Amino acid sequence: MSSITAKIAVPELTRGARVLERSWKVTGALGVVALVSTVLYLAFPKSESTTLGISERTDALQVPPLVLDVGTATLIGAILLIAIAAWSAYRTALYKRTPLGVLVAFGLISLMAFLIWVASGQTLPVPGLLAGTIGLSIPLIFGAVGGVIAERVGVVNVAIEGQLLAGAFTSAVIASITKQPLIGLVAAGIAGALVAAILAVFAIKYFVEQVIVGVVLNVFVIGLTGFLYTKILAPDSAALNAPPRFQTIPIPLLGDIPLLGPVLFKQTIIVYVLYLIVPATYFALFRSKWGLRVRAIGEHPEAADSVGINVRRTRFITVAIAGAVAGLGGAFFTLGSVGAFNKEMTAGAGYIALAAVIIGRWNPVRAMLAGLLFGFAKNLQNVLAILGSPVPSEFMLMLPYVVTLLAVAGFVGRVSPPAAAGKPYRGA
């Protein structure tokens, strides 16, 4: 067929009134990555070995470093990538999608082979790479989950940046005054919900363009927190901008698992809250009566209204919840990472989280994986600089943005948002 996507309507390939689609975009993307990786490793072979550091000195269980021959490892990686791409093509020919788990495995294999090739002749600190990825991904995932919740109910949450920044500012001030980081965390959620409530009022009640309101709110919060920081926090930083940080809480047994234990289970309470929020959001959206109503409003508010669902009230409450989730992510900057508030310290994290929503196809689990991709790319920039890699670190920093463009263009699958997202509902 000449077109990339072919639609057919023969009885054996249809289910009811739904016509199955065959899209070669995902398979094409996998094939391009596999081909480029194979050419790279064959054109620039390396004969040295790469040492993977598995354990750190403080780990309870010590695992010896893993020494890999670069040529062998990259060859195996290239073969696996080609095999997965071919299997994806086979499934596409049968009008079947490539499972998400296979796509994740493909990404991990390609990244691991590339890292082994880049770090040839050196030691790659795997625990540090993973820990840095988690640390940079936490606020992005909080913001992405907030974006998913809001857009599922039909409101485009461009104000994630403002919600993160409001949460960071409020948590720093409240925790500094009360000397209780937990109270600061709660205050961050409230601050994010207030910013989201302003978005909801203008978007739901006054029918203002949601993207414009979100951008204006971001600029407003940036200006307001910058002004308050200069006039109030900076002159008395000891009392108002010295919040106590959350201490790490190791989970017994799980924290002793080699490699992943110290990275995932020796974290602060904010990270553990995120571990609960992602599955809870997935369950609430796709396995509960509330989630069914939310998704119905996001797809067809007129139909939801016709069966007695209060569209405006549900949208307002849901958007406020989304803002609270994003606000918790802002608290990570001040209570879990930096330890103080600085002007514009979110540095565009809200917009990156919004991109993760798109890549994640408005699914909290997929959005989490997209947030991890962005965090990994950010941290990899630093690792490549330390290793002295010939590959420009800026290349890896721009990689997730390239993936975002490809996602929006549809080359990593269909990325259709909820049908009513961004559209005000004026009622019957």
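Residues numbered from 1 in each chain as written. Predicted model: local features only at pLDDT ≥ 70, side-chain atom pairs only at ≥ 80, totals over all residues. Heavy atoms only, no water.

## Digging into the sheet that holds strand 7 (residues 123-125)
Under the convention used in this document: When DSSP finds two or more bridges between a pair of strands, those strands are recorded as paired. Helix and strand definitions follow DSSP, with helices as H or I runs of at least four residues and strands as E runs of at least two, each counted in order from the N terminus. Here the axes come from fitting lines to C-alpha atoms, over the contacting stretch only for helices, and the angles between their N-to-C directions go from 0 to 180 degrees.
Within the open sheet, the three strands sit side by side as 6-5-7. Their pairing is mixed. Both outer strands of the open sheet, strand 6 (66-69) and strand 7, are each paired with one neighbouring strand and no more. Direction aside, the axes of adjacent strands within the sheet are offset by 25° on average. Bridge count between strand 5 (residues 49-53) and strand 6: four bridges; the pairing is antiparallel. Its bridge partner being in strand 6, L52 is matched across the sheet by L66.

## What about the nonpolar core?
Just so we agree on the cut-off: Definition used in this section: a nonpolar core is a set of buried Ala, Val, Leu, Ile, Met, Phe, Trp, Tyr and Cys residues joined via side-chain atoms within 4.5 Å. Partly exposed residues are those whose accessible area sits between 20% and 50% of the maximum for their type, while under 20% is buried and over 50% is exposed, using a 1.4 Å probe and protein chains only. The contact definition used throughout considers only heavy atoms, calling two residues in contact when any of these lie within 4.5 Å.
Counting 53 residues, the largest nonpolar core has L199, L233, V319, F341 and F374 as its most contacted members. Contributions of two or more residues to this core are made by helix 4 (126-152), helix 5 (160-178), helix 6 (181-205), helix 7 (210-233), helix 11 (289-299), helix 13 (311-337), helix 14 (349-359) and helix 15 (364-387). Those residues in contact with L233 that sit more than four places away from it in its chain are F169, V173, L228, L240, N241 and F341.

## A short note on the packing of helix 5 against helix 14
To be explicit about the condition: Orientation is classified from the angle alone, with under 35 degrees giving roughly parallel, over 145 giving roughly antiparallel, 65 to 115 giving roughly perpendicular, and any other angle giving oblique. Helix crossings are classified by the rotation of the near helix relative to the far one: an anticlockwise turn of less than a right angle makes the crossing left-handed, while a clockwise turn makes it right-handed. Each residue gets one of three labels, nonpolar for Ala, Val, Leu, Ile, Met, Phe, Trp, Tyr, Cys and Pro, charged for Asp, Glu, Lys and Arg, and polar for the others, Gly among them.
Interhelical geometry of helix 5 versus helix 14 gives an angle of 130° and a closest axis separation of 7 Å. Classified by the angle between their axes, helix 5 and helix 14 sit oblique to one another. Of the two possible hands of crossing, helix 5 and helix 14 adopt the one that is right-handed. Contacts from I160, E161 and L164 in helix 5 reach A349, G350, Y351, A353 and L354 in helix 14. Residues belonging to the contact of helix 5 with helix 14 are distributed by class as follows: six nonpolar, one polar and one charged.

## Notes on helix 15
Just so we agree on the cut-off: Under the convention used throughout, the expected extent of a helix is 1.5 Å for every residue step, that is, one less than its residue count. Pairs of N or O atoms are called polar contacts if they sit within 3.5 Å, as long as, within protein, a hydrogen donor faces a hydrogen acceptor (for residues adjacent in sequence, only side-chain-to-side-chain pairs).
The end-to-end C-alpha distance of helix 15 is 34 Å, a good match for the 34 Å that 24 residues give at a rise of 1.5 Å each. The N-cap of helix 15, judged by a side-chain oxygen 2.9 Å from the amide nitrogen of V365 a few residues on, is N363.

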